[in-house]
Amino acid sequence: MSGHGDAQPMKSRKSGPLKGVASVPGDKSISHRSLIFGAMAVGETKISGLLEGQDVLDTASAMRAFGATVTRHGEGAWTVNGVGVGGFREPSDVIDCGNSGTGVRLIMGTMATTPITATFTGDASLRKRPMGRVTDPLALFGARAYGRQGGRLPMTIVGATNPVPVRYALPVASAQVKSAVLLAGLNAPGETVVIEKEPTRDHSERMLLGFGAKLSVERDGNQGHVITLTGQPELRPQTVAVPRDPSSAAFPVCAALIVEGSDILVPGVSQNLTRNGLYLTLVEMGAEIEFQNPREEGGEPVADLRVRFSGDMKGIEVPPERAPSMIDEYPILSVVASFATGKTVMRGVKELRVKESDRIDAMARGLEACGVRIEEDEDTLIVHGMGPGGVPGGATCATHIDHRIAMSFLVLGLASKASVGVDDGSPIQTSFPIFEGLMRGLGAEIERG
């Protein structure tokens, strides 16, 4: 079952208490980057805990196409023998990045300052997504991009022959754009500078430092973060232990919060401050989450999460400045908000309208079909909570080929009065291939068909 095949209807129904240990897969952001940085180092990078979802496997194939040797040794255990900064060779065929916006944008950045040409495509969902936000800054380095109307895939990038360093202020808060510019800067002479007004996930900066790049991050009162990268370093291969994905952990965590009597442990979840907005928000709503055994793995802070059913969660106003640290978690937060008391207001979320699908619209329509009252505008989603066990359910929701929409509605059905279906669960493979088995192992009533 791949994210590229036939639709797979799924449904979930009211479950008994969820119990046990939920070992979620490795972090998707860090998995992509460990393969790409490994390909730009000289020598062998060893990776453990790699997420083996379709998105990451597509990035591994792309790194092979650009000349790196990428080998799987066992579950989550991979090695990459890199070709060095600027060592990418020209791929002999089109690079298919499947469903992954992160994969395609980071890889475009990586090859944009090497004098080679590569053509990128993806699945129906990725071919709709705008690439101009990445190709515009890459043009400043001297790269040229030829895509379909509106800057869409399939797209050919002609890398710069004589790249120049760039100073770029991000117009939108996007870790993908920031990372693409930093990756392009690696093979440009001199210093490339990225300025971000609002902090976004910082995995690229942490990993660049780990691989031996010269990089500094300064806070400037007026501008926010100023990230300065010195080009043309020799990157050193690393041993990367990928922490577990906080965006995937969100699904069992939120399910346990709304299914009566639940008590689960989710070990080794990344607590990176640029990714933990959902967890801060849930705690503010009154969720019972304990952060146990905090430690560092692979340069990233992690902790074990003990999560219990929380029957007295209250709706809150989520501060808009928190959006970049939880942009992927609004769909599942809107499910939890449906079982809270009072209204939950999510502002500053317009970025969600250009993700794998228009996630605000997808969640609003599905929640309404399940009996939840919703208000929305371009940049806001408001959910009127119905209290524990108060959501009627009973609908089949459209997922729009979006893994997070599919998982969010399957979690909703575990606590609603009537079962909830999704039209297509196959995209779940892209980020969380073991979702179904893991949730069933905790006691969730989820089935196919």
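Structure shown above.
Residues numbered from 1 in each chain as written. Predicted model: local features only at pLDDT ≥ 70, side-chain atom pairs only at ≥ 80, totals over all residues. Heavy atoms only, no water.

**Q** How should I be thinking about the environment of Arg 448 in this particular structure?
**A** Mapped onto the elements of the fold, Arg 448 is located in strand S24 (residues 445-448). Residue classification places Arg 448 among the partly exposed residues on the basis of a relative accessible area of 41%. There is a polar contact of 2.9 Å between the side chain of Arg 448 and the side chain of Glu 436. (Helix = DSSP H or I, 4+ residues; strand = E, 2+ residues; numbered from the N terminus. Buried < 20%, exposed > 50% of the residue type's maximum accessible area, 1.4 Å probe, protein only. Polar contact = N/O pair within 3.5 Å; in protein donor to acceptor, adjacent residues only side chain to side chain.)

**Q** What am I meant to see in unusual backbone geometry here?
**A** The residue after Leu 153, namely Pro 154, is reached through a cis peptide bond having omega -5°. Tracing the backbone shows Pro 154 in strand S9 (residues 152-158). Phi at Asn 293 takes a positive value of approximately 50°, unusual for a residue other than glycine. Secondary-structure assignment places Asn 293 in strand S16 (residues 288-297).

**Q** Help me understand the side chain of Arg 359 in this model?
**A** Note that Arg 359 resides in helix H10 (residues 359-369). When neighbours within four sequence positions are excluded, Arg 359 is seen to be in contact with Asp 328, Pro 331, Leu 352, Arg 353, Asp 402, His 403, Arg 404 and Ile 405. (Contact = heavy atoms within 4.5 Å.)

**Q** What am I meant to see in the sheet that holds strand S15 (residues 263-270) here?
**A** Picture the strands of a sheet paired through backbone hydrogen bonds; they go either parallel or antiparallel. The strand order S2-S15-S17-S16 describes an open sheet built from 4 strands, whose pairing is mixed. Pairing within the sheet leaves two strands with one partner each, and these edge strands are strand S2 (19-21) and S16. Taking each pair of neighbouring strands and ignoring which way they run, the sheet shows an average axis angle of 20°. In terms of strand pairing, S16 meets strand S17 (residues 300-308) through 8 bridges, oriented antiparallel. Along S17, the bridge assignment pairs Glu 290 with Arg 306. (Pairing = 2+ DSSP bridges. Axes fitted to C-alpha atoms, helices over the stretch in contact; angles between N-to-C directions.)

**Q** Explanation requested: the pattern of salt bridges in the structure shown.
**A** Opposite charge on two side chains allows them to pair when their charged atoms are near. Following the criterion strictly, the structure yields 29 salt bridges and no others. Ionic pairing is found between Arg 308 and Glu 290, a salt bridge with its closest N-O pair at 2.9 Å. Placement of Arg 308 in strand S17 and of Glu 290 in strand S16 is noted, with a sequence separation of 18 residues between them. On the basis of relative accessibility, which here comes to 34%, the residue Glu 290 falls in the partly exposed class. With a shortest N-O distance of 3.0 Å, Asp 304 and Arg 295 are connected by a salt bridge. For Arg 295, a relative accessible area of 28% corresponds to the partly exposed category. Via salt bridges that share partners, Arg 353, Asp 358, Asp 361, Arg 365, Glu 368, Glu 376 and Glu 378 belong to a single interconnected network. (Salt bridge = Lys/Arg side-chain N within 4 Å of Asp/Glu carboxyl O.)

**Q** What's the story with the nonpolar core in this structure? I'm lost.
**A** Soluble, globular proteins show a tendency: their nonpolar side chains are buried together. In this structure, Leu 282 and Tyr 330 are the most contacted members of the largest nonpolar core, which totals 74 residues. Setting aside residues no more than four positions away along its own chain, Tyr 330 makes contact with Val 318, Arg 322, Ala 323, Met 346, Arg 347, Val 349 and Leu 352. Formed by 62 residues, the second largest nonpolar core is a distinct cluster that contains Val 56, Phe 88, Ile 157 and Phe 211. (Core = buried A, V, L, I, M, F, W, Y, C linked by side-chain atoms within 4.5 Å.)

**Q** I would appreciate a short explanation of the packing of helix H3 (residues 101-111) against helix H4 (residues 132-141) in the present structure.
**A** The relative placement of two packed helices comes down to the angle between their axes together with the axis-to-axis distance. Packing of H3 against H4 leaves a shortest axis separation of 10 Å and a crossing angle of 10°. Here H3 is positioned roughly parallel relative to H4, judged by the angle of their axes. Between H3 and H4, the contacting residues are Arg 105, Met 108 and Gly 109 on the first element and Arg 133, Val 134, Thr 135 and Leu 138 on the second. Its residues placed into classes, the contact of H3 with H4 shows 3 nonpolar, 2 polar and 2 charged. (Parallel < 35°, antiparallel > 145°, perpendicular 65-115°, else oblique. Nonpolar A, V, L, I, M, F, W, Y, C, P; charged D, E, K, R; others polar.)

**Q** Help me understand the pairing of strand S19 (residues 343-347), please; the structure alone is not making it clear to me.
**A** Both strand S18 (residues 317-318) and S19 contribute to a ladder of 2 bridges, which runs parallel. Looking at the pairing, Glu 317 lines up with Val 345 of S19. The parallel pair S18 and S19, bridged by helix H9 (residues 330-338), forms a crossover whose chirality is right-handed. When S19 meets strand S21 (residues 380-384), the two strands line up antiparallel, connected through 5 bridges. Bridged to Arg 347 within S21 is Thr 380. (Right-handed = clockwise from strand over helix to strand, strands pointing away.)

**Q** Even after reading the chapter, I still don't get the packing of H9 against H10, so can you show me in this structure?
**A** Interaxial distance between H9 and H10 falls to 10 Å at its minimum, and their mutual angle equals 30°. Relative to H10, the element H9 lies roughly parallel. As H9 packs across H10, the resulting crossing turns out to be right-handed. Residues Pro 331, Ser 334, Val 335 and Ser 338 of H9 lie in contact with H10, whose contacting residues are Arg 359, Met 363 and Leu 367. (Left-handed = near helix turned anticlockwise from the far one by under 90°.)

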